[in-house]
Amino acid sequence: MYKQTKTGEYMRIDIITVLPELIEPFTRESILGRAQKKGLAEIHVHNLRDYTADKHKRVDDYPFGGAAGMLIQCQPLDACISALKAERKYDEIIFTAPDGETFNQPMANELSLKENIIIICGHYKGIDYRIREHLITREVSIGDYVLTGGELAAAVMADSIVRVIPGVIGDVESALSDSFQDNLLEPPVYTRPAQYHPVSNPEETWAVPDILLSGHEAKIREWEYEQAVARTKRLRPDLLE
Ligand code: SAH
C-alpha cells in the first residue's frame with residue numbers, strides 16, 4: 001500500500017505547523033526551491049488546523065495540573081501524522097523541541113540520506129506529551145534557547161538537510177568544504193578584486209593572500225587545510241578533540 005518514491009537522490013519532508021504561512025515562503029526560495037524544481041526534494045507544509053475535529057478549529061487546550069500556557073492537543077497531531085503515514089512509510093517523525101538532541105552537521109548529513117521524514121513544529125507551551133511518547137521517533141533542538149514555535153527550527157533543519165542532498169548544490173565540493181564537514185571550520189575565502197581599497201581610506205590596500213593567486217593547486221589546498229586547522233584550533237578547539 002505504501003507508495004515508494006525513492007528515485008536515488010530524492011527526499012520528501014512533511015512539516016506540520018499551526019503557522020504554514022510562516023514557513024511556506026521559505027520552502028519555495030533559494031536552495032529549497034531549487035532542489036524542488038530539480039526534482040531532488042519535495043517539501044509539503046501541512047496546516048494542523050485542517051486536521052482538528054473541533055468545530056471552532058481549535059488545536060490547543062489548557063495543561064492538566066494547572067501549569068501556565070496552552071498545549072497542542074493529541075487529536076489533530078495524531079490525525080495529521082496518521083493521514084501521512086497512510087500514504088507512505090516515514091523514516092523519522094521528528095519533533096522540534098528545546099530539550100531534544102542538538103542539531104548539527106552530522107545529523108543533517110544523516111537525515112539527508114532518508115527518504116521521507118516528518119517535522120512537527122510545536123507552539124504555545126508545546127504539545128501533549130503522549131504524542132512524544134507514542135508517535136515521535138526523534139526530538140531535535142536547534143540550540144539552547146527557547147523559540148516561540150518550531151517553525152524556525154524546521155526551516156533550519158530542512159535547509160541544512162536539503163543542501164547536502166547530492167545534486168542540490170551544483171558544486172558538491174562547495175557543500176563538502178563548508179564548516180563542520182570533517183569537523184573543520186572553513187578556511188578564509190576571498191573573491192575579486194584581488195586588491196581592494198576601502199572607502200574609509202582609499203590609499204590602503206586589502207590584499208588577498210598571494211598563495212591563492214599563485215596557481216599552484218596542491219600548495220593552495222595545503223594552505224587552505226592549514227588555515228582551516230588553525231581557525232578551528234582558535235575558534236572551536238572542541239571540534240578537534
Ligand atoms: N515549554 C517548552 C517550550 C515551548 S516553546 C519547554 O520548556 O521545553 C514552543 C515550541 O517551539 C516547542 O514546542 C518547539 O516545537 C519549538 N522550539 C522552541 N525552542 C526550540 C529549540 N531550541 N529547538 C527546536 N524547537 C524549539
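Keep in mind the model is a prediction, meaning the values are calculated, not measured.

(A) Quick peek at the nonpolar core. In terms of nonpolar packing, the biggest core is built from 30 residues, with Ile13, Ile15, Phe103, Ile161 and Val162 touching the most fellow members. Secondary-structure elements contributing two or more residues to this core are β1 (11-17), α2 (30-37), β2 (41-47), α4 (105-112), β6 (116-120) and α6 (151-162). Top contributing element to this core by residue count: α6, with 6 residues. Non-local contacts of Phe103, meaning those with residues more than four positions away in its chain, are made with Ala108, Leu111, Val140, Ser141, Ile142, Val156, Met157, Ser160 and Ile161. Counting residues in each nonpolar core, the second largest holds 20 residues, with Leu77, Cys80, Ile120 and Leu135 among its members.

(B) Inspection of the packing of aromatic side chains at higher detail. One pass over the full model with this rule turns up 1 aromatic pair. Arranged with centres 5.6 Å apart and planes meeting at 45°, the rings of Tyr196 and Trp206 form a pair that is tilted. Of this pair, Tyr196 sits in strand β8 (residues 195-196) while Trp206 sits in strand β9 (residues 206-207), placing them 10 residues apart in sequence. Overall, the relative accessible area of 35% leaves Tyr196 in the partly exposed class. The class of Trp206 is partly exposed, set by a relative accessible area of 47%.

(C) Representation of α4 in the model. Those residues of α4 not exposed but buried are Gln105, Met107, Ala108, Leu111 and Ser112. The buried residues of α4 occupy one face: seen down the axis, they fall within an arc of 160°. Against the buried residues of α4 lie β1, β5 (92-102), β7 (138-141) and α6. Here α4 starts with a cap whose side-chain oxygen sits 3.0 Å from the backbone nitrogen of Met107, and that cap is Asn104.

(D) Main features of the domain arrangement of the protein. Each domain of the protein was delimited in the assignment, giving domain 1 (11-162) and domain 2 (177-240). The centre of domain 1, based on its C-alpha atoms, is set 37 Å off from the matching centre of domain 2.

(E) Geometry of the packing of helix α1 (residues 20-28) against α6. Axis separation between α1 and α6 bottoms out at 10 Å; the angle between their running directions is 15°. Relative to α6, the element α1 is oriented roughly parallel. The element α1 and its partner α6 pack so that their crossing is right-handed. Contacts between α1 and α6 involve Leu22, Ile23 and Phe26 from the first element and Glu151, Ala154, Ala155 and Asp159 from the second. Grouping the amino acids of the contact of α1 with α6 by side-chain chemistry returns 5 nonpolar, no polar and 2 charged.

(F) Molecular detail of the sheet that holds β6. If you walk across this open sheet you meet the 5 strands as β2-β1-β6-β5-β7, and the pairing is parallel. If you trace the sheet from one side to the other, it starts and ends with β2 and β7, each paired once. Strand-to-strand twist in this sheet, taken as the mean axis angle between neighbours without regard to direction, amounts to 30°. Here β5 runs beside β7; their pairing, made up of 5 bridges, is parallel. The residue of β7 that forms the bridge with Thr96 is Val140.

(G) Main features of a nonpolar patch on the surface. A surface patch of nonpolar side chains, amounting to about 290 Å² of accessible area, comprises Tyr145, Leu147 and Leu152. On the secondary structure map, Leu147 appears in the loop between β7 and α6.

(H) Geometry of the pattern of salt bridges. All told, the structure shown has 14 salt bridges when counted by the stated rule. Linking Arg132 and Asp99 is a salt bridge whose minimum nitrogen-to-oxygen distance equals 2.8 Å. Here the residue Arg132 occupies a position in helix α5 (residues 129-134), and Asp99 occupies one in strand β5, the gap between them amounting to 33 residues. Residue classification places Asp99 among the exposed positions, given a relative accessible area of 55%. Asp238 is paired through a salt bridge with Arg236; the nearest N and O atoms lie 2.9 Å apart.

(I) Just unusual backbone geometry, in detail. With omega at 5°, the peptide bond leading from Arg192 into Pro193 counts as cis. In this fold, Pro193 is placed in the loop between α7 (172-176) and β8.

Procedures and definitions
- Residues numbered from 1 in each chain as written.
- Predicted model: local features only at pLDDT ≥ 70, side-chain atom pairs only at ≥ 80, totals over all residues.
- Heavy atoms only, no water.
- Core = buried A, V, L, I, M, F, W, Y, C linked by side-chain atoms within 4.5 Å.
- Buried < 20%, exposed > 50% of the residue type's maximum accessible area, 1.4 Å probe, protein only.
- Helix = DSSP H or I, 4+ residues; strand = E, 2+ residues; numbered from the N terminus.
- Contact = heavy atoms within 4.5 Å.
- Phe/Tyr/Trp six-rings, centres within 6.5 Å; stacked < 30°, edge-to-face > 60°.
- Arc of directions from axis to C-beta.
- Polar contact = N/O pair within 3.5 Å; in protein donor to acceptor, adjacent residues only side chain to side chain.
- Domains from an automatic or database assignment.
- Axes fitted to C-alpha atoms, helices over the stretch in contact; angles between N-to-C directions.
- Parallel < 35°, antiparallel > 145°, perpendicular 65-115°, else oblique.
- Left-handed = near helix turned anticlockwise from the far one by under 90°.
- Nonpolar A, V, L, I, M, F, W, Y, C, P; charged D, E, K, R; others polar.
- Pairing = 2+ DSSP bridges.
- Patch = residues over 30% accessible without salt bridge, like charges linked within 9 Å, V, L, I, M, F, W, Y side chains within 5 Å.
- Areas by Shrake-Rupley, 256 points an atom, 1.4 Å probe, with all protein chains shown as cover.
- Salt bridge = Lys/Arg side-chain N within 4 Å of Asp/Glu carboxyl O.

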